[in-house]
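Residues per chain, in single letters:
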Amino acid sequence: MRIWTVANQKGGVGKTTTTLALGGRLVMRGFRVLLLDLDPHASMTQSLGIPAEPPPQGILELFDEPPLGILDVMRDTPMAGLHLVAGQAGLATLERRAGTRPGLGRALGRALEQVADRYDYALLDCPPTLGLLMVNALAAADRLVVPTQTEPLAQFGLQGIARTASMVSRSRSRGLPMSILPTLYDRRTRIAQDTLTEMRARFEGSVWNDAIPVDTRLREISQLLGPDPGENGPRGLLAYSRALDWLLACDHLGEAVG
Ligand SMILES: Nc1ncnc2c1ncn2[C@@H]1O[C@H](COP(=O)(O)OP(=O)(O)OP(=O)(O)O)[C@@H](O)[C@H]1O
Ligand SMILES: [Mg+2]
């Protein structure tokens, strides 16, 4: 199983959309995929039709002492082959309640080891804040996928996550490859074009050479989990399909792919 952590220290940049779109594309290609919703807002969980009340079992129980097994808290989604460990509002106070128990930073990694043979990919949707959940997600990750909105303010979130990733990377033997996906790209605006150019210059080699366009159809879960579009299909979903090609190639060939 490969673990891809989708994170950025900025909100609203397309993390949840990216996690769902990539998850849907992977399943369409025949992979078995597990999604983890690490965000207390639980938008991914709710878009998959699981209500916030009463709180579902999910990520929180993986941090219990002793923890529940991941097989006991995961559930089906509307798409066959795509499974979910739900996010809950209680994740917002996990850090305060869990305190400084030893080994807490590896709880997710240990939980995922239990299903390493059952899934081809685990995709982790992070909250925009650097805390216990993001630290867990980065520690477990084989690859960090960073959706980044193509607008000037988004550079700060990108620099933040890049710093965090390089710290994590230095603290472990296998490193942590980072793949930046430009999102919400409006090619008609100069500011989007300039931001993209600057992003590519600053993070040379780590940025996808294309971008996910603004496409309102990406706001519909039926699109995100729908079949791969033909050449005339929705532009947004087509772009995610190409983004997946790039990520798979990066995994396959190391970091040599531009
Ligand atoms: N390419 C796109 N085109 C149009 N709308 C998009 C696109 N990507 C995301 N959106 C919309 O933008 C909003 C923010 O996207 P999303 O929830 O994926 O971001 P996020 O980074 O997960 O946000 P948060 O930090 O709040 O978790 C959502 O309403 C989503 O439907
Ligand atoms: Mg989100």
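Preceding block: the structure.
All figures in this text were calculated on a predicted structure; none of them were measured in a lab. Sequence order as written defines the numbering, with residues in each chain counted from 1. The naming scheme follows written order: chains are lettered A onward, ligands numbered 1 onward. Since the coordinates come from a predicted model, pLDDT governs what is reported: local features require at least 70, and pairs of side-chain atoms require 80 or more to be given and counted, while whole-chain, interface and lining totals use all residues. Note: side-chain values were computed over all heavy atoms of the structure, leaving out hydrogens and water.

Can you explain helix 8 (residues 190–202)? Please cite residues and give values.
Each helix is a run of DSSP H or I of at least 4 residues and each strand a run of E of at least 2, with the numbering of both proceeding from the N terminus. How far a helix is expected to stretch is found by multiplying one less than its residue total by 1.5 Å. The end-to-end C-alpha distance of helix 8, which contains 13 residues, comes to 18 Å, matching closely the 18 Å that a straight helix rising 1.5 Å per residue would cover. For helix 8, the full list of buried residues reads Ala192, Thr195, Leu196 and Met199. Buried residues of helix 8, viewed axially, fall in a sector of 100°; they line one side. In helix 8, the exposed positions that point more than 90 degrees away from the buried face belong to Arg190, Thr197 and Ala201. Relative accessibility thresholds used throughout: buried, under 20% of the residue-type maximum; exposed, over 50%; partly exposed, between the two (1.4 Å probe, protein chains only). This arc corresponds to the set of directions leading from the helix axis out to the C-beta atoms.

Break down the packing of aromatic side chains for me, with residues and values.
The relation between two aromatic rings is expressed through the spacing of the ring centres and the mutual angle of the planes. Between the rings of Phe, Tyr and Trp (Trp by its six-membered ring), a pair exists once the centres lie within 6.5 Å; its type follows the angle of the planes, with under 30 degrees stacked, over 60 edge-to-face, and the other angles tilted. Going through the model one piece at a time under the given rule, you end up with two aromatic pairs. Grouping aromatic residues by their ring pairs yields a cluster made of Trp4, Phe31 and Tyr121.

Any details on the pattern of salt bridges? Residues and values, ideally.
A pair is scored as a salt bridge if a Lys or Arg side-chain nitrogen falls within 4 Å of a carboxyl oxygen belonging to Asp or Glu. One pass over the full model with this rule turns up 13 salt bridges. In this structure, arginine 2 and aspartate 251 form a salt bridge, with 2.9 Å as the shortest nitrogen-oxygen distance. Remark: aspartate 251 occurs in helix 10 (residues 235–253) and arginine 2 occurs in strand 1 (residues 2–6); sequence separation between them is 249 residues. A salt bridge links arginine 106 to glutamate 113, with the nearest nitrogen and oxygen atoms 3.0 Å apart. Overall, the relative accessible area of 33% leaves arginine 106 in the partly exposed class. Classification of glutamate 113 as exposed rests on a relative accessible area of 53%. Each of the salt bridges in this network shares a partner with another, and the network as a whole consists of Arg2, Arg143 and Asp251.

How would you summarise the site of ligand 1 if you had to cite specific residues and measurements?
Any residue with a heavy atom lying within 4 Å of a molecule or strand is counted as near it. Close to ligand 1 lie 16 residues; Lys15, Thr16, Thr17, Pro213 and Asp215 are nearest. Under this definition, polar contacts are N or O atom pairs within 3.5 Å; protein pairs additionally need one hydrogen-donor-capable and one acceptor-capable atom, and for neighbouring residues in sequence, both atoms have to be side-chain atoms. At a separation of 2.5 Å, an oxygen atom of ligand 1 approaches a polar side-chain atom of threonine 17. Here an oxygen atom of ligand 1 sits 3.3 Å away from a polar atom, N or O, in the side chain of aspartate 39. The protein chains hide 78% of the 630 Å² of surface that ligand 1 would expose on its own. For this classification, the nonpolar set comprises Ala, Val, Leu, Ile, Met, Phe, Trp, Tyr, Cys and Pro, the charged set comprises Asp, Glu, Lys and Arg, and every other residue, Gly included, is treated as polar. A per-class count over the shell around ligand 1 returns seven nonpolar, five polar and four charged. For every accessible area listed, the method is Shrake-Rupley and the probe measures 1.4 Å; residues are considered covered only by the protein chains on display.

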